[in-house]
2 protein chains.
Amino acid sequence: MSIRIGILGYGNLGRGVECAVKQNPDMEVAAVFTRRNPEDIKILTEGAAVCNIKDVSEWKDKIDVMILCGGSATDLPKQSPEFAEMFNIVDSFDTHAKIPQHFANVDEAAKKGGNVAIISVGWDPGMFSLNRMYASAILPEGKDYTFWGKGVSQGHSDAIRRIDGVRNAKQYTIPVEAALEAVRNGENPELTTRQKHLRECFVVLEDGADAARVENEIKTMPNYFADYDTTVHFISEEELEANHSGIPHGGFVLRSGKTGWNGENSHLIEYSLKLDSNPEFTSCVIAAYARAAYRLSKEGQSGCKTVFDIAPAYLSAKDGAQLRAEML
Amino acid sequence: MSIRIGILGYGNLGRGVECAVKQNPDMEVAAVFTRRNPEDIKILTEGAAVCNIKDVSEWKDKIDVMILCGGSATDLPKQSPEFAEMFNIVDSFDTHAKIPQHFANVDEAAKKGGNVAIISVGWDPGMFSLNRMYASAILPEGKDYTFWGKGVSQGHSDAIRRIDGVRNAKQYTIPVEAALEAVRNGENPELTTRQKHLRECFVVLEDGADAARVENEIKTMPNYFADYDTTVHFISEEELEANHSGIPHGGFVLRSGKTGWNGENSHLIEYSLKLDSNPEFTSCVIAAYARAAYRLSKEGQSGCKTVFDIAPAYLSAKDGAQLRAEML
């Protein structure tokens, strides 16, 4: 029998999860839950239900893993503990600084409900975290670097859109090639914020807006842009639509370390992602961890877990003997 | 109390493990075991014993994890089951085709002895296997590629040395840049053996040996060189010593995959290693998995495991709360 997936929230991430489940023959989307009117939602999966979130308790025995597709700012801090009491869940909570508190809240609820909850699943936090952890365990005497991009930062794009006179905007975070090269060369550089990433902005102005003022407001915006070398391009709405409508992302995790009795040998571990669609890739990671949540729950486990706590084999549709024969 | 490590075999790998343990403050080398006369072996670790392998049973309660540093051809198939009955062990068995049989033999012995045995630890098999597995679980509709190098192949260097008239030789395996680029561009190429790797050989001839004949014998050698574009350089013993005495290696694991309802988005996952010393890096991976073997054994587990079966957190000296706060 397939693993029955529930999807809570049907934005970019929810749709991404729906597409990811389609690629995993041992899973099926049972239902999508929404705060909107279910009749207004058109999903892609034939035979799956669309329900209002207030009816979710009726699905307690018809969903194996509930995937929470809300945002980290306000949705997940509330939803993840609430739903972990009722279902096995996976979320993609990505406010790094608040993960310990989120973990504690979800752990208590999941244990109370006897469910498995896997939090902060995706690529950062997620696959990037895993690679930071593996690499630092392998090379204890070394230095970690994470670069993001080239990719769209939703937060930075939103910040530009809030400026008076801006109709629309898209911001790309771009790693500085020279910094990446210095790391790859084993130079173990100390890098400032400005030396690590560039910010490139594509901005559509309202009619009559003052371009020079807008550009200055962007470049001097504290936290978001002031500490970076920022480029601003003014373009038309048509150009934005034609060339900047995607949500690509990616990045690099590197660890440079020394071995030998006197640290005489250097080593570089590098992991990188180049993603056409940030939410669809995140969804694929989530789908694999949903399989793990299901299996761990079947084994009788409960409580909150992260990618650090899950043996890799739990993610794969293949069994242990297959994995050893084909992938080891 | 530290994790007490035993090292069985004191060649390049054994010395590498000794250096790796030095970098992990929660471990110590308790003893090195050898088939040679212990008095002929000079180790680096102060206070560690050097013993003959025949006295190993006296160490049953004084070693937490025994690391087997022998070869995969003849040593490990015999030693790993034998020692797994007595100790928690880690080995780096790397004959991919024989892993299922090795696993079965070691599993039986480890269960009989109530010990944890982790086999095929290193970078391939090992970290490369993990990355193949994670990436294929995340992107089920995709294609895997593994490239090795640039690095020294011991097997190919040995094969050249066996040719009449050759005094010494070093062979480098080199990935074909154009093939790597095609994979990175998402072209999903079907690559022949020749299209994936080059072989570059540095050969020292015996006095009076016929260079043209040696070059021809190398380039036409079945399995080792005939299917590759091979370059042969004749150099002096001094030059070989000066420029080719290291044992660097590395390589790339890539997965290129599609997501979206109709596979409209492309993604690339890439993991790469650039290693000054192949045995020292392998040793570092082994040391981290020795920590895992120790912890799993303390939890009461037993039997044979591979990198697929070990939750990442077991490798790290940091505890769960630290990992979540610092690395997630």
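Residues numbered from 1 in each chain as written. Chains lettered and ligands numbered in written order. Predicted model: local features only at pLDDT ≥ 70, side-chain atom pairs only at ≥ 80, totals over all residues. Heavy atoms only, no water.

Student: Just checking my understanding: could you explain the overall build of chain A for this structure?
Tutor: Secondary structure assignment for chain A yields eleven helices and 14 strands. In terms of overall dimensions, chain A is globule-like: its C-alpha atoms have a radius of gyration of 22 Å, near the 20 Å expected for 328 residues. Dimensions of chain A, computed from the C-alpha atoms along their principal axes, are close to 65 × 60 × 35 Å. In chain A, which comprises 328 residues, the share counted as buried stands at 57%. Of the contacts made within chain A by residues no fewer than 6 positions apart, 68% connect residues no fewer than 24 positions apart. One finds the centroid of the 35 positive side-chain charges in chain A at a distance of 3 Å from the centroid of its 46 negative side-chain charges. (Helix = DSSP H or I, 4+ residues; strand = E, 2+ residues; numbered from the N terminus. Rg over C-alpha atoms; globule rule 2.2 N^0.38 Å. Buried < 20%, exposed > 50% of the residue type's maximum accessible area, 1.4 Å probe, protein only. Contact = heavy atoms within 4.5 Å. Lys, Arg positive; Asp, Glu negative; His and termini not counted. Charge placed at Lys NZ, Arg CZ, Asp CG, Glu CD.)

Student: Which parts of the structure should I look at to understand the interface of chain A and chain B?
Tutor: How big an interface is tends to be reported as the loss of accessible area on association of its parts. Facing 67 residues of chain A, the contacting portion of chain B comprises 68 residues. Together chain A and chain B conceal approximately 6200 Å² of surface at their shared face, both sides included; 63% is due to carbon and sulfur atoms. Run the count over chain A and chain B and you get 30 residue pairs in polar contact (both at pLDDT 80 or more). With eleven residues, strand E13 (residues 265–275) of chain A is the single largest residue contributor to the side of chain A that touches chain B. Tallied by class, residues from the side of chain A that touches chain B come to 36 nonpolar, 17 polar and 14 charged. (Buried area = accessible area lost by both parts, 1.4 Å probe. Polar contact = N/O pair within 3.5 Å; in protein donor to acceptor, adjacent residues only side chain to side chain. Nonpolar A, V, L, I, M, F, W, Y, C, P; charged D, E, K, R; others polar.)

Student: In this structure, what is going on with helix H3 (residues 99–113) of chain B? I would like to understand it.
Tutor: Owing to its 3.6 residues per turn, the α-helix brings residues three or four apart onto one side. Its 15 residues place the ends of H3(B) 21 Å apart at the C-alpha level, agreeing with the 21 Å of an ideal helix rising 1.5 Å per residue. Tucked into the core, H3(B) has its buried residues touching helix H11 (320–326) of chain A together with helix H2 (75–84), strand E5 (88–91), strand E6 (116–118) and strand E14 (303–305) of chain B. Gly114(B) sits one or two residues past H3(B) and shows a positive phi near 70°. (Expected span 1.5 Å × (residues − 1).)

Student: How should the packing of aromatic side chains be read in this particular structure?
Tutor: Aromatic ring pairs are described here by two measures, namely the spacing of the ring centres and the angle between the planes. Residue and element names in this part refer to chain B. Under the counting rule described, the total for this entry stands at nine aromatic pairs over all chains. Centroid distance Phe33 to Trp59: 5.8 Å. Interplanar angle 85°. Geometry classified as edge-to-face. You can see Phe33 sitting in strand E2 (residues 27–34) and its partner Trp59 sitting in the loop between strand E3 (49–52) and strand E4 (65–68), a full 26 residues away along the chain. Accessibility assignment for this pair places Phe33 and Trp59 in one class, buried. Ring geometry for Trp123 versus Phe128: centroids 5.2 Å apart, planes at 80°, classification edge-to-face. (Phe/Tyr/Trp six-rings, centres within 6.5 Å; stacked < 30°, edge-to-face > 60°.)

Student: Can you help me understand the nonpolar core in this one?
Tutor: One broad rule of soluble globular proteins: the nonpolar side chains tend to lie buried together. One finds Tyr289(A) and Tyr289(B) to be the most contacted residues of the largest nonpolar core, which totals 163 residues. For Tyr289(A), the contacting residues outside a window of four places in its chain are Val90(A), Ile118(A), Val121(A), Leu130(A), Val307(A), Ile310(A), Leu315(A) and Tyr134(B). (Core = buried A, V, L, I, M, F, W, Y, C linked by side-chain atoms within 4.5 Å.)

Student: I tried to follow the side chain of Asn131(B) on my own but got confused; where do I start?
Tutor: Of note, Asn131(B) is situated in helix H4 (residues 127–138). Asn131(B) sits in the buried class, given a relative accessible area of 8%. Once you skip the residues sitting within four places of it in the chain, Asn131(B) turns out to touch Asn131(A), Tyr271(A), Val253(B) and Tyr271(B).

Student: Teacher, can you tell me more about the pattern of salt bridges here?
Tutor: Residues and elements named next belong to chain A. Counting across every chain of the model gives 38 salt bridges over all chains. Note that Arg255 and Asp144 form a salt bridge whose closest N and O atoms lie 3.2 Å from each other. Here Arg255 is found in strand E12 (residues 249–259), whereas its partner Asp144 is found in strand E7 (residues 142–148), with 111 residues between them in sequence. Here Asp158 and Arg161 are joined by a salt bridge, their closest N and O atoms 2.5 Å apart. Residue Asp158 and its partner Arg161 are located together in helix H5 (residues 154–161), separated by three residues, close to a single helical turn. (Salt bridge = Lys/Arg side-chain N within 4 Å of Asp/Glu carboxyl O.)

Student: How do you make sense of the sheet that holds E7(A) when you look at a structure like this?
Tutor: The strands that make up a sheet are held in pairs by hydrogen bonds between backbone atoms, and each pair lies either parallel or antiparallel. What the six strands build is an open sheet, ordered E7(A)-E12(A)-E13(A)-E13(B)-E12(B)-E7(B); its pairing is antiparallel. This sheet does not close on itself; its edge strands, each paired only once, are E7 of chain A together with strand E7 (142–148) of chain B. Here the average twist between neighbouring strands, direction ignored, is 10°. Summarising the sheet, strand E12 (residues 249–259) of chain B and strand E13 (residues 265–275) of chain B pair through eleven bridges and their orientation is antiparallel. Counted as the bridge partner of Phe252(B) is Ser272(B) from E13(B). (Pairing = 2+ DSSP bridges. Axes fitted to C-alpha atoms, helices over the stretch in contact; angles between N-to-C directions.)

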